[in-house]
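This is what each chain is made of:
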Amino acid sequence: MKSNPAIQAAIDLTAGAAGGTACVFTGQPFDTMKVKMQTFPDLYRGLTDCCLKTYYQVGFRGFYKGTSPALIANIAENSVLFMCYGFCQQVVRKVAGLEKQAKLSDLQNAAAGSFASAFAALVLCPTELVKCRLQTMYEMETSGKIAKSQNTVWSVVKSILKKDGPLGFYHGLSSTLLREVPGYFFFFGGYELSRSFFASGRSKDELGITALYSGLKPTMIRAFPANGALFLAYEYSRRSMMSQLEAH
């Protein structure tokens, strides 16, 4: 059965949302430590020190501070990213002069992912700003930079609107684009190259789960579990929906 572009876009959107959710819950504690250490480098001697102090100061919930906006950010980013990824693949296919159903090379898929990330950055920037403010809330409160009442998502949103207006949510957009566009080129490029490598001559769509994890180093503390969960959720939810679509 030939898929409708609108249905295909909806499937990519839903699968991207599933991947984004898996990514947040897996990687949020590591992301919180990263943001704290980057924002207040003089307060922490290293990752272990940051983890221990966070636990003693605010308990286990401190590791998941900012999860709500992070969840919104990742669902929005990955939904838009993977939806636009499908459209950008068509654009790359057209620019390259390929037939409509022709397979793109790994390099062409990487370029499509890079283009798609520019659209995803538009929804990522505002939500990530709120997330980072919440993650460093304890340090900001103890240093007297903000009032203790400004510790909820809504209070942070109101504070930004009051101070800078709607455009205040897009502070750092240029930096976000500089990070996302080249970053996702290697993100999708690495993903496609890995699938090609592990497929060993078979179709990449027939790849088994365990092969995705072979040879990866445990030093990729956050990237490994978070991005692994993202693509796993994306691939299996998308495949399930496509199977149901073809069955009808």
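Keep in mind that what you see is a predicted model, and the values were worked out from it rather than measured.

Cut-offs used in this document
Residues numbered from 1 in each chain as written. Predicted model: local features only at pLDDT ≥ 70, side-chain atom pairs only at ≥ 80, totals over all residues. Heavy atoms only, no water. pLDDT = per-residue confidence, 0-100. Contact = heavy atoms within 4.5 Å. Helix = DSSP H or I, 4+ residues; strand = E, 2+ residues; numbered from the N terminus. Buried < 20%, exposed > 50% of the residue type's maximum accessible area, 1.4 Å probe, protein only. Polar contact = N/O pair within 3.5 Å; in protein donor to acceptor, adjacent residues only side chain to side chain. Core = buried A, V, L, I, M, F, W, Y, C linked by side-chain atoms within 4.5 Å. Axes fitted to C-alpha atoms, helices over the stretch in contact; angles between N-to-C directions. Parallel < 35°, antiparallel > 145°, perpendicular 65-115°, else oblique. Left-handed = near helix turned anticlockwise from the far one by under 90°. Nonpolar A, V, L, I, M, F, W, Y, C, P; charged D, E, K, R; others polar. Salt bridge = Lys/Arg side-chain N within 4 Å of Asp/Glu carboxyl O.

1. Quick look at the confidence of the model for the protein chain
Averaged over every residue, the pLDDT of the protein chain is 79; residues scoring 70 or more account for 85%. Here residues 212-219 scores under 50 on pLDDT; set against residues more than four positions off or in separate chains, the count is 8 contacts.

2. Description of the environment of Thr 32
Tracing the backbone through its elements, the reader meets Thr 32 in helix H1 (residues 5-39). Judged by relative accessible area, Thr 32 falls into the buried class, the value being 0%. It is 9.5 Å that separates the C-alpha atoms of Thr 32 and Cys 51, two residues lying 19 residues apart in sequence. Setting aside its immediate chain neighbours within four residues, Thr 32 contacts Gly 62, Phe 63, Lys 65 and Gln 135. Here Gln 135 takes part through its side chain, which lies 3.1 Å from a polar atom of the side chain of Thr 32.

3. Observations concerning the nonpolar core
Ranked by size, the top nonpolar core spans 20 residues in total, and within it Leu 81, Phe 82, Tyr 85, Ala 116 and Phe 188 carry the most contacts. Residue assignment for this core shows that the elements contributing at least two residues are H1, helix H3 (67-95), helix H4 (106-135), helix H7 (173-199) and helix H8 (223-247). In terms of residue count, the dominant contributor to this core is H3 (7 residues). What Phe 188 contacts, discounting residues up to four positions off in sequence, is Leu 81, Phe 82, Tyr 85, Asn 109, Ala 110 and Gly 113. Ranked by size, the runner-up nonpolar core spans 8 residues in total, among them Met 137, Val 156, Ile 160 and Phe 169.

4. Considering the packing of H4 against H7
Orientation of H4 relative to H7, taken along the N-to-C sense of each, is 140°, at an axis distance of 7 Å. Taken together, the axes of H4 and H7 lie oblique to each other. Here H4 and H7 pass one another in a crossing that is right-handed. For the contact of H4 with H7, the per-class residue count stands at 16 nonpolar, 7 polar and 5 charged.

5. Focus: the pattern of salt bridges
Oppositely charged side chains can form a pair if their charged atoms are brought close together. Going through the model one piece at a time under the given rule, you end up with 6 salt bridges. Between Lys 34 and Asp 31 there is a salt bridge, with its nearest N and O atoms 3.2 Å apart. Note that Lys 34 and Asp 31 are positioned in helix H1 at a spacing of 3 residues, about one turn of the helix. The exposure class of Asp 31 is buried, given its relative accessible area of 6%. Where Lys 53 meets Asp 49, a salt bridge forms, and the shortest distance between an N and an O atom there is 3.4 Å. Note that Lys 53 and Asp 49 are positioned in helix H2 (residues 47-58) at a spacing of 4 residues, about one turn of the helix. The partly exposed category is assigned to Lys 53, whose relative accessible area is 30%.

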